[in-house]
Amino acid sequence: MQTDDGQVVEPYSVSAGLDYPGIGPQHAWLHKIHRAEYVSITDDEALQAGLLCCQLEGIIPAIETAHALAQLEKMKFKPDDNVVICISGRGDKDLDTYIKYFGY
Amino acid sequence: MNRLNTLFYTKRNNLLSIYYTAGYPEIGTTLDIAEALEKAGVDFLEIGFPYSDPVADGPVIQHSSEKALENGMTLNLLFEQLKDLRKRVSIPIMLMGYFNPIVQYGVERFCKKAAEVGADGIIVPDLPIYEYETLYSGFFKDNNLSNIFMVTPQTSEERIRKIDELSNSFIYLLASSTITGANLQMSTNIEDYYKRIKAMHLKNPTIFGFGIKDSATFKNACQYANGAIVGTAFVKHLGTKGYLGNIPGFVRAIRPKVL
């Protein structure tokens, strides 16, 4: 994320792991060749999905991961689709954020 | 052949170079500072263009970069300011900065513009040798611009030899393996590094930078190399009142008489 002059722009994310202005070469390439699709998720959507995962699965996901979980309800699946989600991290580190957000 | 080659042909000892970030502390004083430094007897200059993430720099130069960006400094503006450079300044000039702004400007376009305003060399700490050699060296050569490579205490002998082959003006020796403005830890390890480089008898002149801040550090560096660069200490000076008028005093404090 940069200005026309090549100065790095300040990024934002509720999760530390995504709060970064750069992208790795693999994702940049996959996006360029249209091999992968990249979508965006809001803070609210991510945190809500994170809570849902706790309630339904008993797994507290990292908020970074919860962004991916939030995408699930936006997609239409067929009964015989194989859906794979990478639970990239645990949410123990994010409890403060979850607690504050949900007012527990 | 450019002004840098001529300089090193005529003078081989106690060369003093000064670095400053264009646009700090004020947006419009780039040429005034350059002119004052030449008048004060400095041998060549490094005009820095600011970057949001100056990874090789300590807090002083980081701050100058931040302020320069706030003041509105860009490569476009800098080249605009440097249009009259050669009407006012005759010593060799290096443009120094990080690679991303150059990439966005266009490397070929940057080299053309740099040559147009009369710059002699470019110092880009984060431009690796491999990329320079395979992708960009043509643009430099076509525009008679010298690319300055950096050597640190960790650089292998093989790499130093390679740098010596690729260099055509001088080699920038980091006085220590740290960021700009750090205190030089004069340990035996550092002295060994200085001696080791000197004993290699490199073809190109060598100039020390990073941590050179006063007459003692300048004098010591000049024992092992052709000269040294003062950056942080001068940028600190620019943060003081009356910085322009006091430039001769600053230069004299580093190099008491023209040796």
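Everything numeric in this text was worked out from a predicted model, so none of it was measured.

1. What to know about the interface of chain B and chain A
Thought 1: Contact with chain B, which involves 10 residues of that partner, is made by six residues of chain A.
Thought 2: Ranked by residue count, the leading element in the side of chain B that touches chain A is helix α6 (residues 99-105) of chain B, at four residues.
Thought 3: Partitioning the side of chain B that touches chain A into residue classes produces five nonpolar, four polar and one charged.

2. Topic: the sheet that holds strand β6 (residues 150-151) of chain B
Strands in a sheet are paired, the pairing made by backbone hydrogen bonds, and the direction either parallel or antiparallel.
Residue and element names in this part refer to chain B.
Thought 1: What the nine strands build is an open sheet, ordered β5-β4-β3-β2-β1-β9-β8-β7-β6; its pairing is parallel. The open sheet has two edge strands, β5 (146-148) and β6, and neither has a second partner.
Thought 2: One ladder, built from two bridges, connects strand β8 (residues 206-209) with strand β9 (residues 227-230); its direction is parallel. Counterpart to F208 in the pairing with β9 is A228.

3. Side note on the nonpolar core
Thought 1: By size, the foremost hydrophobic cluster in this structure holds 83 residues, and its most contacted members are B:L45, B:M94, B:L173, B:I207, B:F208, B:A228 and B:F234.
Thought 2: Here B:I207 is in contact with B:L15, B:S17, B:F170, B:Y172, B:L173, B:A225, B:N226, B:G227, B:A228 and B:I229, once residues within four sequence places are set aside.
Thought 3: Counting eight residues, the second-largest nonpolar core is a separate cluster that includes A:A46, A:A49, A:C53 and A:I63.

4. Let's talk about the packing of helix α2 (residues 43-57) of chain A against helix α4 (residues 95-102) of chain A
All names here are of chain A.
Thought 1: It is at 11 Å that the axes of α2 and α4 come closest, and there the two elements cross at 105°. Between α2 and α4, the angle falls in the class roughly perpendicular. Contacts from L47, G50 and L51 of α2 reach α4 at Y98, Y101 and F102.
Thought 2: Broken down by class, the residue content of the contact of α2 with α4 amounts to five nonpolar, one polar and no charged.

5. A short note on the pairing of strand β7 (residues 171-174) of chain B
All names here are of chain B.
Thought 1: In β7, alternate side chains face the same way, and those of I171 and L173 on one face and Y172 and L174 on the other are all buried.
Thought 2: With two bridges connecting them, β6 and β7 associate as parallel partners. By the bridge assignment, V151 is partnered in β7 with L173.
Thought 3: Following the backbone out of β6, through helix α9 (residues 157-166) and into the adjacent parallel β7, one traces a crossover that is right-handed.

6. What to know about helix α3 (residues 59-70) of chain B
Residues and elements named next belong to chain B.
Thought 1: With 12 residues, α3 should reach 16 Å at 1.5 Å per residue; the first-to-last C-alpha distance of 16 Å fits that figure.
Thought 2: Those residues of α3 that sit buried are V60, I61, Q62, S64, S65, A68 and L69.
Thought 3: Packing partners of the buried residues in α3 comprise β1 (15-21) and α12 (232-238).
Thought 4: Phi for G72, located one or two positions after α3, is positive at around 100°.

7. Focus: the environment of B:I212
Residue and element names in this part refer to chain B.
Thought 1: By the element assignment, I212 lies in the loop between β8 and α11 (215-224).
Thought 2: Each C-alpha atom, one on I212 and one on I254, is 9.2 Å from the other, the two residues being 42 residues apart in sequence.
Thought 3: The contacts of I212, once residues within four sequence positions are left out, are A175, T217, F218, A221, A228, I229 and V230.

8. Comments concerning the packing of helix α7 (residues 107-117) of chain B against helix α8 (residues 129-142) of chain B
Residue and element names in this part refer to chain B.
Thought 1: With their axes 9 Å apart at the nearest point, α7 and α8 run at an angle of 20° to one another. If you check the angle between α7 and α8, you find them roughly parallel. Crossing geometry of α7 relative to α8 is assigned as right-handed. Facing V107, E108 and C111 of α7, the residues of α8 in contact are Y136, F139 and F140.
Thought 2: The residue inventory of the contact of α7 with α8, partitioned by class, reads five nonpolar, no polar and one charged.

Analysis parameters
Residues numbered from 1 in each chain as written. Chains lettered and ligands numbered in written order. Predicted model: local features only at pLDDT ≥ 70, side-chain atom pairs only at ≥ 80, totals over all residues. Contact = placed C-beta atoms within 7 Å. Helix = DSSP H or I, 4+ residues; strand = E, 2+ residues; numbered from the N terminus. Nonpolar A, V, L, I, M, F, W, Y, C, P; charged D, E, K, R; others polar. Pairing = 2+ DSSP bridges. Core = buried A, V, L, I, M, F, W, Y, C linked by C-beta atoms within 7 Å. Buried ≥ 20, exposed ≤ 12 C-beta atoms within 10 Å, placed from the backbone. Axes fitted to C-alpha atoms, helices over the stretch in contact; angles between N-to-C directions. Parallel < 35°, antiparallel > 145°, perpendicular 65-115°, else oblique. Right-handed = clockwise from strand over helix to strand, strands pointing away. Expected span 1.5 Å × (residues − 1). Left-handed = near helix turned anticlockwise from the far one by under 90°.

Keep in mind that these numbers describe shape and distance, not what the molecule does.
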